[in-house]
Amino acid sequence: MSACAPTRNDHSSHSPHSSSASGLKRPHSPPPGRSRFRVSGADLSASITVFLIAVPMSLGLAVAMDAPLAAGLVSAAIGGIVAGSLGGTPLQVSGPSAGLTVVTAELIQIYGWRTTCAITIAAGLLQILLGSLRAARSALAVSPAIVHGTLAGIGVAIALAQLHIVLGGAPQSSALDNALALPASVARFEPAAPLIGALTIALLVAWPRLPGRIGASLGKIPAALAAVAIATAVAAVATPGIARVELPSWQSHALPELPEGPVAGLAAAVLTVMLVASLESLLAAVAVDKLASDRASAAPKDGSVPTPLRRADLDRELRAQGVANALSGMAGGLPVSGGAVRSSANVRAGAQTRASTVLHGIWVLLAAMLLVTALEWIPLAALAALVMMVGIQMVNFAHIRKVHKHREFLVYGATISGVVLVGVLEGVAIGIVVAVAVALHRLARTRITVTEKDGSYLVAARGQLTFLAVPRLSRVLGRIPHGSAVVVELDGFFMDHAAYEAIQDWYAAQAATGGRIEFTGRSGGRIAEPASAAHSCCRPWTPWRNHHCHDNGVQEVVPTVAGAVSHPVTMKAPATGPEDSPRARRGAHRLLSGLSSFQRTTAPLVREELARLAAEGQRPSQLFLTCADSRLVTSMITASGPGDLFTVRNVGNLVPPPDAEGESGNDDSVAAAIEYAVDVLGVESITVCGHSGCGAMQALLGAGQETPTTPLWRWLRHGLPSLDRMRSRHHSWARIAGRMPTDAVEQLCLTNVVQQLEHLRAHECVARRLAAGTLQLHGMYFHVGEAQAYLLTEGASSGTGPDEVFARVAPGAEWEEAELDTDSLDRLTPGAAVGA
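These numbers come from a predicted model, not from an experiment. (Residues numbered from 1 in each chain as written. Predicted model: local features only at pLDDT ≥ 70, side-chain atom pairs only at ≥ 80, totals over all residues. Heavy atoms only, no water.)

**Quick word on a nonpolar patch on the surface**
A cluster of nonpolar residues, Ile 362, Leu 365, Leu 366, Met 369, Leu 370 and Leu 371, forms a patch on the protein surface that exposes about 540 Å² of accessible area. Along the polypeptide, Leu 371 turns up in the loop between helix H14 (355-370) and helix H15 (372-375). Taking the relative accessible area as the measure of exposure, Leu 371 reaches 41% and is therefore partly exposed. (Patch = residues over 30% accessible without salt bridge, like charges linked within 9 Å, V, L, I, M, F, W, Y side chains within 5 Å. Areas by Shrake-Rupley, 256 points an atom, 1.4 Å probe, with all protein chains shown as cover. Salt bridge = Lys/Arg side-chain N within 4 Å of Asp/Glu carboxyl O. Helix = DSSP H or I, 4+ residues; strand = E, 2+ residues; numbered from the N terminus. Buried < 20%, exposed > 50% of the residue type's maximum accessible area, 1.4 Å probe, protein only.)

**Quick word on a positive patch on the surface**
A cluster of like positive charges, contributed by Arg 407, Arg 442, Arg 445 and Arg 447, occupies part of the molecular surface. Within the secondary structure, Arg 407 is located in the loop between helix H17 (397-405) and helix H18 (409-421). (Lys, Arg positive; Asp, Glu negative; His and termini not counted. Charge placed at Lys NZ, Arg CZ, Asp CG, Glu CD.)

**Topic: the environment of Thr 751**
Turning to its location among the elements, Thr 751 is positioned in helix H28 (residues 744-761). It is 7.3 Å that separates the C-alpha atoms of Thr 751 and Trp 733, two residues lying 18 residues apart in sequence. Sequence-distant contacts of Thr 751, that is, excluding residues within four places in its chain, are made with Ser 722, Arg 725, Met 726 and Ala 734. (Contact = heavy atoms within 4.5 Å.)

**A short note on H18**
Between its first and last C-alpha atoms H18 spans 18 Å; for 13 residues at 1.5 Å apiece the expected length is 18 Å, and the two agree. Among the residues of H18, Val 411, Tyr 412, Ala 414, Thr 415, Ile 416, Gly 418, Val 419 and Val 420 are the ones counted as buried. Close packing links the buried residues of H18 with helix H6 (144-166), helix H7 (175-187), H17 and helix H19 (424-444). Following H18 by one or two positions, Gly 423 adopts a phi angle in the positive range, close to 160°. (Expected span 1.5 Å × (residues − 1).)

**So, the side chain of Thr 115**
Considering the arrangement of structural elements, one finds Thr 115 in helix H4 (residues 113-132). According to the relative accessible area criterion, Thr 115 is buried, its value standing at 2%. Engagement of the side chain of Thr 115 in a polar contact is seen with the side chain of Glu 257, the distance being 3.4 Å. (Polar contact = N/O pair within 3.5 Å; in protein donor to acceptor, adjacent residues only side chain to side chain.)

**Quick word on the state of the cysteines**
Evaluation of the coordinates by the stated rule reveals zero disulfides. We note that Cys 689 lacks a disulfide partner, and the nearest cysteine sulfur, in Cys 627, lies 9.1 Å from it. Judged by relative accessible area, which is 0%, Cys 689 ranks as buried. Unpaired in terms of disulfides, Cys 694 finds its nearest cysteine sulfur in Cys 627, a separation of 4.2 Å. (Disulfide = S-S within 2.5 Å.)

**So, the nonpolar core**
In this structure, Leu 59, Ile 119 and Val 364 are the most contacted members of the largest nonpolar core, which totals 65 residues. Here the element with the most residues in this core is helix H1 (residues 41-65); it accounts for 11 residues. What Leu 59 contacts, discounting residues up to four positions off in sequence, is Leu 69, Leu 73, Leu 247, Leu 375, Ile 378 and Leu 383. Counting residues in each nonpolar core, the second largest holds 42 residues, with Leu 654, Leu 681, Leu 716 and Leu 723 among its members. (Core = buried A, V, L, I, M, F, W, Y, C linked by side-chain atoms within 4.5 Å.)

**Quick look at helix H20 (residues 470-478)**
Residues of H20 that are buried include every one of Val 470, Leu 473, Val 476 and Leu 477, and no others. With its buried residues spanning 130° around the axis, H20 presents them on a single face. Those residues of H20 that are exposed and angled more than 90 degrees off the buried face are Arg 475 and Gly 478. Those residues of H20 that are buried lie in contact with strand S3 (447-453), strand S4 (456-462) and helix H21 (497-512). (Arc of directions from axis to C-beta.)

**Here we look at the pairing of strand S13 (residues 685-691)**
Among the seven residues of S13, seven are classified as buried, and the element is accordingly described as predominantly covered. With burial as the criterion, each face of S13 is covered, one bearing Ser 685, Thr 687, Cys 689 and His 691 and the other bearing Ile 686, Val 688 and Gly 690. The pairing of S13 with strand S15 (residues 776-783) spans seven bridges and is parallel. Looking across to S15, one finds that Gly 690 is bridged to Tyr 781. (Pairing = 2+ DSSP bridges.)

Structure below.
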């Protein structure tokens with residue numbers, strides 16, 4: 001019930017350079033002041049972690065592409081420094097593109113290294129143009145099945161190529177050739193390279209899973225670095241003659257040249273590099289943005305409010321990737337893109353700003369100049385094993401399950417097959433063609449069936465009703481005799497104008513001959529509200545409403561197309577045993593019907609959110625203590641959802657004082673809930689909510705000197721202090737939005753809220769948190785008949801103490817704005833101030 005506002009810098013008012021004189025801190029941007037680049041300890045440690053991952057991966061990708069090894073380090077340095085400085089996703093780490101491994105290897109083989117650098121420059125310039133035209137979001141419109149299929153196909157091609165190096169051989173020109181050549185590589189098996197590769201893979205898998213304290217300490221070292229370092233040390237002792245990294249002198253480093261070759265082929269190459277690099281970068285940016293948001297939204301250990309993150313600017317990110325690619329090509333580097341592996345490591349290592357990304361690039365540059373001798377000890381088999389694992393991880397089984405769930409596995413499989421068998425650009429084109437074909441098939445595929453039973457007909461239309469289905473629909477409807485009772489079951493989410501007119505014309509003809517037509521969804525659910533139902537007692541827009549139009553049976557009003565007269569459908573409840581009264585049958589049906597409706601319509605929408613809450617546990621911000629009255633729907637009147645409120649309901653919204661004793665001893669149920677909410681859940685506020693027409697308050701007013709000793713009356717005795725307060729001359733009467741309460745029942749309902757707040761303050765855990773200033777108490781009154789909420793404020797004194805005033809909450813009011821009905825309060829108590 002509180003709003004979060006940005007916090008000003010403590011020194012903002014003193015600095016002449018504060019941003020727009022606002023002094024507001026923006027996440028991932030430099031703090032106001034003269035220095036625009038500040039490095040925190042978290043950024044420094046995160047940059048070192050990412051650097052230790054980036055160096056072996058950059059060398060491995062260069063090996064996989066058959067490019068100069070120095071080019072991998074060049075692109076890693078430029079990606080970190082340039083894209084990190086200019087990008088729209090500050091925590092994303094850019095470097096050599098794993099997704100372009102196959103494409104770049106093919107370009108080097110066809111055009112040579114220097115022309116490939118020129119293609120990289122052109123692709124970067126095209127990225128800058130598209131980013132300037134704000135086309136980044138359009139790139140994400142490609143079906144996820146195509147994107148995941150493309151990355152998985154590239155991963156398969158990478159793994160097949162690197163497997164040859166791990167076996168001590170050389171990769172072929174295509175993924176298909178690599179698959180066909182595997183038996184020959186196995187036949188030429190030499191143990192040195194495969195053993196080093198197997199050791200590297202084993203370390204990559206086992207390193208994060210080391211048990212105990214030693215494992216926890218060693219786990220801080222990146223698995224990629226540990227695997228390559230240990231494999232290098234073992235190779236230096238066991239197999240000194242194994243093939244190793246050879247870094248050429250920087251004096252012989254190859255730079256780009258003007259491209260030579262057919263224009264169409266070069267244009268296709270530029271388009272392919274641009275498309276794959278952009279998609280990989282943007283998808284990684286979205287993933288990193290989500291990781292950073294999840295980390296920021298987690299409650300800090302110090303109890304402070306987390307700073308909201310600014311969302312990723314994808315157009316800026318695309319322009320930055322273009323600049324990095326252009327510069328990388330000019331400097332003789334590999335194509336650059338954002339990397340999910342490096343970026344996620346950066347976020348998890350605790351990076352706070354783009355400083356970690358930039359520093360990682362600086363460390364790579366220093367390593368390229370100062371650690372050449374150490375890098376040349378690394379075996380090629382170890383790097384090939386590292387990159388092969390990266391390729392395998394690109395085939396993500398979570399993506400496969402999600403694609404299968406959405407019935408797009410055909411698109412996914414076609415894209416993978418195209419990328420592996422033909423090429424990346426061709427595979428993407430195949431995936432798009434298959435996706436369009438599947439969409440058209442689903443749009444045109446409509447199953448229409450008719451079943452007849454006892455003279456009544458059921459017409460079931462499964463799928464979308466478009467003009468393509470109109471001929472078949474008209475034929476089926478035309479075979480139904482005039483004057484029949486027909487239920488038309490529409491199971492789809494789209495109906496175009498042609499189908500609508502066909503159904504409407506048929507309906508008019510049937511209705512003219514005395515036919516009874518009902519339109520439903522698959523499970524009898526309503527699909528629209530007819531005009532004639534606007535004033536009926538049952539309305540489809542109130543699914544929680546338990547009132548019904550008739551007493552006999554269970555009735556549902558089924559709406560029809562075009563607002564035609566609807567007819568009730570009687571639904572029979574199953575027998576419930578010897579006590580099978582009509583009322584019991586209706587109750588059983590309502591429970592079963594409600595549960596079924598939830599599973600059918602609501603559960604699919606909330607399942608993901610509830611799964612998250614189940615995994616994270618409950619962290620409500622409010623304890624909401626209200627009456628058990630069935631007309632009081634707390635989630636509705638507070639617009640809250642699962643996990644928002646910790647709700648305690650009892651008869652009369654009573655809070656027994658800590659020392660209250662009934663005839664059967666202490667009643668600790670409410671106190672236990674309060675203690676759990678305050679001390680365990682750490683709620684920030686407690687609201688006591690009363691309501692109009694409360695039966696408990698009516699019972700208290702009508703009670704005589706002697707009351708029966710039933711459980712209900714033993715509980716209602718906790719409300720006697722509220723009755724005494726209302727009758728006392730030492731307390732002012734509670735008032736409601738500029739008027740006196742309408743009757744004694746409403747007066748007692750209002751007074752009871754005030755009295756229960758006093759009982760609440762007497763609880764030790766509540767008093768402690770109130771004294772510390774970490775808990776707020778609120779009083780609330782809900783008028784059921786008016787559907788109006790009122791909040792308790794304190795007005796000026798009218799002579800016997802402060803007035804308890806319940807002020808009306810206006811539509812759209814904000815808590816901090818306090819948009820309550822203050823005019824009426826001023827008329828009631830001149831000069832009264834409404835307190836928050």
